[in-house]
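# Summary of the model geometry
Read off the chains here:
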Amino acid sequence: MNVLQRILPPRLRPIALFAILSLLPAAVRSPYFLHLMILVLLWVAIGAGWNILAGYAGQVSFGAAAFFGAGAYASGLLAVKAGMSPWWGLAVGPAVAVLLAFPFGALTFPLRGAYFALATLALGEIMRHVATIWESLTEGMVGILILRTFASESPYYYMALALAAASVGCVEWIVRSRLGFYLVSIREDQDAAASIGIPTTRYKMIALSLHALLTGMAGALYMCYMGYIDPKVAFSLHDISIMAILVTIVGGVGTAYGPVLGAFVMVFLQEAFRTGGFGALDAVNKALEWRVLDWAIPYIKQAHVLAFGVLVVIVILAMPNGLLGGWARHKGRKRQAAVCSE
Amino acid sequence: MDVFLQTLVAGVLKGGLYALIGAGMTLIMGVMRIINLAHGQMMMVAMYITYVCFHYWGLDPYLALFISMPALFLLGVGIQKYTLNPLLKAESLLPENQVLMTVGIGMVLTEVIRFIFTSNYLSVKTGYSDAAFFLGRISFSVALTIAFGIACAITAFLFWLLVKTDLGRSIRAVAQDEEAAALMGIHVERIRSTAMGLGAALAAAAGTLLLPVYYLYPDIGGPFTRRAFIITVLGGLGSTVGAIGGGLVLGLAEAFGATYIGMASEEMVGLIIFLAVLLFLPEGLKRLTRV
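Figured I'd write up the structure that's included with this text.

### Observations regarding the overall build of chain B
A tally of helices and strands in chain B yields 12 helices and 4 strands. Radius of gyration (C-alpha) of chain B: 19 Å, near the 19 Å computed for a compact globule of 291 residues. Across the 291 residues in chain B, those meeting the buried criterion constitute 57%. On chain B, roughly 12,000 Å² of surface is accessible, and the fraction owed to carbon and sulfur atoms is 67%. The positive charge centre, built from 17 side chains, and the negative charge centre, built from 16, are 5 Å apart in chain B.

### Considering the overall build of chain A
When helices and strands are tallied, chain A shows 18 helices and 2 strands. Across the 342 residues of chain A, 51% fall into the buried class. In chain A, the proportion of contacts linking residues at least 24 apart, taken out of those at least 6 apart, comes to 78%. Of the accessible surface of chain A, which amounts to about 15,500 Å², a share of 68% is contributed by carbon and sulfur atoms.

### A few points about the interface of chain A and chain B
Tallying the contact residues gives 43 residues for chain A and 39 residues for chain B. Carbon and sulfur atoms make up 82% of the area that chain A and chain B hide from each other, which totals about 3,700 Å². On the chain A side of the interface with chain B, the three residues burying the most area are Tyr115(A), Leu118(A) and Ile316(A), jointly 16% of the side's total. Among the ionic pairs, Glu125(A) bridges to Arg226(B), the shortest N-O distance being 3.1 Å. At the surface where chain A touches chain B, the tally comes to 1 residue pair in polar contact (both at pLDDT 80 or more). Of all the elements in the fold, those that place two or more residues in the side of chain A that touches chain B are helix 3 (31-56), helix 6 (113-133), helix 9 (178-188), helix 13 (237-251) and helix 17 (304-318) of chain A. Ranked by residues supplied to the side of chain A that touches chain B, first place goes to helix 6 of chain A with 14 residues. Across the side of chain A that touches chain B, the residue classes break down as 31 nonpolar, 7 polar and 5 charged.

### Regarding the nonpolar core
Residues Trp43(A), Ile52(A), Phe62(A), Tyr157(A), Leu183(A), Leu37(B) and Phe229(B) are the most contacted members of the largest nonpolar core, which totals 195 residues. Top contributing element to this core by residue count: helix 3 of chain A, with 18 residues.

### Some remarks on the pairing of strand 3 (residues 138-141) of chain B
When a strand is regular, its side chains alternate between the sheet's two faces. All names here are of chain B. Residues of strand 3 alternate between two faces, with Ile138 and Phe140 buried on one and Ser139 and Ser141 left unburied on the opposite face. In terms of strand pairing, strand 2 (residues 132-135) meets strand 3 through 4 bridges, oriented antiparallel. Bridging across to strand 3, phenylalanine 133 finds its partner in phenylalanine 140. In this structure, the hairpin formed by strand 2 and strand 3 is closed by a connection of 2 residues, where glycine 136 is found at a positive phi of approximately 65°.

### Focus on the pattern of salt bridges
All told, the structure shown has 12 salt bridges over all chains when counted by the stated rule. For Arg114(B), the salt bridge goes to Glu111(B), with nearest N and O atoms at 3.1 Å. In this pair, Arg114(B) and Glu111(B) are both assigned in helix 4 (residues 97-117), 3 residues apart and thus about one turn of the helix distant. Through salt bridges that share partners, Glu125(A), Arg128(A) and Arg226(B) make up one connected network.

### A few points about the packing of aromatic side chains
Enumeration over the complete set of coordinates arrives at 24 aromatic pairs over all chains. A ring pair is formed by Tyr157(A) and Tyr158(A), whose centres lie 5.7 Å apart and whose planes are at 80°; its orientation type is edge-to-face. By relative accessible area, which is 0% here, Tyr157(A) ends up buried. Ring geometry for Phe157(B) versus Trp160(B): centroids 5.7 Å apart, planes at 35°, classification tilted. Of this pair, Phe157(B) and Trp160(B) both sit in helix 5 (residues 142-164), 3 residues apart, roughly one helical turn. Counting every residue linked through ring pairs, the aromatic cluster contains Tyr18(B), Tyr121(B), Tyr214(B), Tyr215(B), Tyr217(B) and Phe224(B). The ring of Phe224(B) is capped by Arg227(B), whose NZ or CZ atom sits 4.8 Å from the centre of that ring.

### Focus: unusual backbone geometry
What is expected of a backbone is that most residues other than glycine have negative phi and most peptide bonds are trans. Residue and element names in this part refer to chain B. Positive phi outside glycine occurs at threonine 118, with the angle close to 60°. By the element assignment, threonine 118 lies in the loop between helix 4 and strand 1 (122-123). Using a relative accessible area of 38% as the deciding quantity, one classes threonine 118 as partly exposed.

### Describing the side chain of Thr248(A)
Structurally, the position occupied by Thr248(A) is in helix 13. Aside from chain neighbours lying at most four places away, what touches Thr248(A) is Gly47(A), Trp50(A), Asn51(A), Val253(A) and Pro259(A).

### Observations concerning the environment of Ala194(A)
For Ala194(A), the location among the structural elements is in helix 10 (residues 190-195). Along the primary structure Ala194(A) and Ala64(A) are separated by 130 residues, whereas in three dimensions their C-alpha atoms are 26 Å apart.

### As for the packing of helix 5 (residues 89-108) of chain A against helix 11 (residues 200-226) of chain A
Packed helices, taken two at a time, are described by the angle their axes make and the gap between the axes. All names here are of chain A. As a packed pair, helix 5 and helix 11 sit with axes 7 Å apart at the nearest point and diverge in direction by 145°. Crossing angle aside, the handedness with which helix 5 passes helix 11 is right-handed. Of the residues in helix 11, those touching helix 5 at Gly89, Leu90, Gly93, Pro94, Ala97, Val98, Ala101, Phe102, Phe104 and Gly105 are Met205, Leu208, Ser209, Ala212, Leu213, Gly216, Met217, Ala220 and Leu221. When its residues are assigned to classes, the contact of helix 5 with helix 11 shows 14 nonpolar, 5 polar and no charged.

### So, helix 9 of chain A
All names here are of chain A. Among the residues of helix 9, Leu179, Gly180, Leu183, Ile186 and Arg187 are the ones counted as buried. Summarising the axial view, the buried residues of helix 9 lie within an arc of 125°, below the 170-degree limit, and thus occupy one face. Summarising the geometry of helix 9, the exposed residues directed more than 90 degrees from the buried face are Arg178, Phe181 and Glu188. Looking at the buried positions of helix 9, the neighbouring elements they touch are helix 3, helix 8 (154-176), helix 10 and helix 11.

### Examining the environment of Met1(B)
Along the chain, Met1(B) turns up in the segment before helix 1 (2-32). For Met1(B) and Leu20(B), which are 19 residues apart along the polypeptide, the C-alpha to C-alpha distance reads 29 Å.

### Remarks on helix 4 of chain B
With 21 residues, helix 4 of chain B should cover 30 Å at 1.5 Å per step; its first-to-last C-alpha distance of 30 Å lies within 8% of that length. Just downstream of helix 4 of chain B lies Thr118(B), where phi reads positive at about 60°.

### Re the packing of helix 5 of chain B against helix 10 (residues 240-260) of chain B
Residue and element names in this part refer to chain B. Running from N to C, helix 5 and helix 10 cross one another at 165°; their axes reach a closest spacing of 12 Å. Classified by the angle their axes make, helix 5 and helix 10 are roughly antiparallel. Where helix 5 crosses over helix 10, the two elements pack in a sense that is right-handed. Two secondary-structure elements touch here, helix 5 through Thr155, Leu158, Phe159 and Leu162 and helix 10 through Thr240, Val241 and Ile244. Class assignment of the residues belonging to the contact of helix 5 with helix 10 gives a composition of 5 nonpolar, 2 polar and no charged.

So, how was this worked out
- Residues numbered from 1 in each chain as written.
- Chains lettered and ligands numbered in written order.
- Predicted model: local features only at pLDDT ≥ 70, side-chain atom pairs only at ≥ 80, totals over all residues.
- Heavy atoms only, no water.
- Helix = DSSP H or I, 4+ residues; strand = E, 2+ residues; numbered from the N terminus.
- Rg over C-alpha atoms; globule rule 2.2 N^0.38 Å.
- Buried < 20%, exposed > 50% of the residue type's maximum accessible area, 1.4 Å probe, protein only.
- Areas by Shrake-Rupley, 256 points an atom, 1.4 Å probe, with all protein chains shown as cover.
- Lys, Arg positive; Asp, Glu negative; His and termini not counted.
- Charge placed at Lys NZ, Arg CZ, Asp CG, Glu CD.
- Contact = heavy atoms within 4.5 Å.
- Buried area = accessible area lost by both parts, 1.4 Å probe.
- Salt bridge = Lys/Arg side-chain N within 4 Å of Asp/Glu carboxyl O.
- Polar contact = N/O pair within 3.5 Å; in protein donor to acceptor, adjacent residues only side chain to side chain.
- Nonpolar A, V, L, I, M, F, W, Y, C, P; charged D, E, K, R; others polar.
- Core = buried A, V, L, I, M, F, W, Y, C linked by side-chain atoms within 4.5 Å.
- Pairing = 2+ DSSP bridges.
- Phe/Tyr/Trp six-rings, centres within 6.5 Å; stacked < 30°, edge-to-face > 60°.
- Lys NZ or Arg CZ within 6 Å of the ring centre and 35° of its normal.
- Axes fitted to C-alpha atoms, helices over the stretch in contact; angles between N-to-C directions.
- Left-handed = near helix turned anticlockwise from the far one by under 90°.
- Arc of directions from axis to C-beta.
- Expected span 1.5 Å × (residues − 1).
- Parallel < 35°, antiparallel > 145°, perpendicular 65-115°, else oblique.

Here it is, written out as C-alpha cells:
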C-alpha cells in the first residue's frame, strides 16, 4: 500500500476532487481560466452521457450534436420567441432532447454497428439542416443572441460543476445498478442479452434518454452562458458529436472518470494550440534576440484543428482504451507480473 | 416538360460521377467492413493535386487524372498500412474505433490542405468549363458529359479488374471470407491496402473530373463524404452494382430536389433518402438486383 492510498483512499478521491473544484473560483480570479473550466465541466457532462450510451451500452453514436443543439435551441427560443427567462431552458431543453430521443432511437436502434453510427450521423446532420433552413423559427444562420444574466463567470461555473457532478454520479450509480449490468451485456453481445430475456431495445432507449438528458442540459447551460448560438455551433459534427466521442475515448471508454480526465485534456490541449501555449510561445519569442518564431507562431495558432485531427489519430493508435483504460491495463499487467514472480 | 428533361439530364450526368465515388467507397467497405469517413477528403486532396497540375504546369484536368489517381492510390495504401491495419490488432472495447480513425484522417487531410492553400475558393477554368451543346432544347454541359463518359469507362475497367484478374478475385475473396482467403494463400493485409488504394484512386478520378465545373475549397470533402456513405448504404454495403445504381439515384434525387423544392434542400434530400433506405430497404438496392 503506497502513501497516496493511505492519505486518500479511493473512496474519498471523488469527494476531494469535488471539493477542490468547488473552491476553485475563490482561489483563481482569472475569468479566462474559469471560462475554460466551465467548458471542461460541460464536456464532462456530455462525455458522461455519451459514455452511458456508447461505453456501457455499446451504441457508438455520431449524433450527440442533435441533443446538444435541441437543448441549446429550446433555451434560446424560449428567451427570444416566448420572452421567458432562458433559465427555463434548463428544464425545457433536456425535456425536448429526451422527446427527440424517442423517434431518434426508434429510427436507429434496429440498426447495428456501422449502420447505427451512420444513421446517427445523418440524424445529427438533418437537425443542422433543419435549423439552418427553418428560418422563421430558428433565425437560420443569423443565430440566436441573448443577454447573459450574470456578468461574472462563477455562477455559471457552479451550475456547470453541479451538472458535471450529477452526470458522473449518474454513471457511478448506473455502473453499480442492474441497469449497468444490462447495458454492458448488450454491449458485449446483444443477441445473447436478448436470449436471456433482457429487453434490449428498452434498455438501449433508457441509455439514449440519459445521454439526451445530460447533453440537452449541457446545451441549455451553454446557451445561457455563451449567449449566442447558430446552427453551425450548436449542431456541429466535429465540434460537438466527434468531440463528445473524443473526450470519452481519450479518457477511457466505459469508465466513470474517463470523460472527466478526457474533458480536461481535450479542452486544455485545444486551447493551448489556439493560444500558442497560452502565450508562452510569444514570451519565448520576445525573449529571443533573433525572432525565429515570428513566422512560425501564426501557423501554430492556425493549426489547432490540425492538432485535433492528429490527436484523434494518435489516441486511437496508441491508446485504444483511453488514458484511464490504458492505466488500468498497465497496473493489471504489473500485478500479473508480480503474481507470476511470486 | 423541358424543365423535367433538363433536370433528368443534369441528375444522370452528376449521378455518373457519384457512382464513381460510391464504387470506391463500397470497395473499401466490402473488403475492410468499415465506413471510410475520409472518402470525400481524399477526393478533395485529388482535386487540389489537379488544381496544382493545371495552375502551375498548365496540364489539362483530364490528363491530370494520370497524376492524381496514382498519387491517391499511394495515399490510400499508406493510410491503410500505417493507421488502419495496426488498429485491427489492437484490443478495444469499441470496434468503431476504425470509423473514428477515418474521421481523424479526414480532419488531418482537410487541415493540411488548408495550411498549404488557405481557405480561399479556387477554380480551374478551361475552355470547355462553361461550354454546352444542345440536343433538341436540352443543354448538355460539355465538361460534365466528357466526365460522365470517362466515369463510365473507369467503372467498366473496375468491373473488368474485379471479375477477370487475379487481383480482383483476391479482393472479392477477402471481402467474402478473410480467413478462408488467407488459407488459400492470399496476403490479406496487402489486399486490404490495395483495395483502400483503389477506392482512393476512384475518388480521385471523380474529384478530378468534377473540378472543371466545380469550385474548390478545403471543406468540400465533408459533403462528398456524406454523399459517398449515402450512396454506399443506398446500394447495399459492399455491392458495386448497387453503388452505381445508388449514385444515379442520389444524383437524380438531388437534381429534382434542387429544381422542385429549392437549392437549400439539396443535401437534405440525400439524408432523408438515406434514412428511408435504412428503414424500409435495409439491404439497399442489392436486395432488388441480387448482385
